[in-house]
Amino acid sequence: MDYQKIFERFESSEGFIKATVKPSVDGSTKAALNRKGNVLFNSGDAEGAKRIFLTTGYSDGLSRVGDFYKSKGRILDALKMYWIAPDRTKADPIIQQLSELIRYFMNEEVEDE
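Residues numbered from 1 in each chain as written. Predicted model: local features only at pLDDT ≥ 70, side-chain atom pairs only at ≥ 80, totals over all residues. Heavy atoms only, no water.

Caption draft 1: A look at the overall build of the chain. If you tally the helices and strands in the chain, you get 6 helices and 0 strands. Secondary structure of the chain in N-to-C order comes out as α-α-α-α-α-α. Out of the 113 residues in the chain, the part that is buried amounts to 29%. Sequence-distant contacts in the chain: of pairs separated by 6 or more residues, those separated by 24 or more amount to 37%. Counting only carbon and sulfur atoms, one obtains 53% of the accessible surface of the chain, whose full area is about 7600 Å². (Helix = DSSP H or I, 4+ residues; strand = E, 2+ residues; numbered from the N terminus. Buried < 20%, exposed > 50% of the residue type's maximum accessible area, 1.4 Å probe, protein only. Contact = heavy atoms within 4.5 Å. Areas by Shrake-Rupley, 256 points an atom, 1.4 Å probe, with all protein chains shown as cover.)

Printed below as a string of structure tokens:
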């Protein structure tokens, strides 16, 4: 089985970002940034809100951005936000769906050989 062929189908996607260390932000600055992120999100600027929520590590905000992405059909982007949040209750069903999709493609490759 040529796994490389399977994964080549998904080369156009951006992949996952690695976020290991959040910048140090004092409490009052973090609260002000989160308020600004909420204003941006509520006004429809999910991308601007995402940048702020990633900076502050605001898990509820990241989860809401994930919900927004999911509602737009951007499942991998949603999974990124849920994973960083971390919101496993929302990430796990997507991971399960992706696992089933990968299994399907792997079985399809085996049958084609």
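Caption draft 2: Summary view of the environment of Val-39. Inspection of the secondary structure assignment puts Val-39 in helix H2 (residues 27–42). Residue classification places Val-39 among the exposed positions, given a relative accessible area of 52%. The spatial distance from the C-alpha of Val-39 to the C-alpha of Ala-49 is 8.0 Å, given a sequence separation of 10 residues.

Caption draft 3: Just the confidence of the model for the chain, in detail. For the chain, mean pLDDT is 86; residues scoring 70 or higher make up 75% of the total. Confidence, read as mean pLDDT per element, is least for helix H1 (residues 3–8) in the chain (59) and greatest for helix H4 (residues 59–71) (98). (pLDDT = per-residue confidence, 0-100.)

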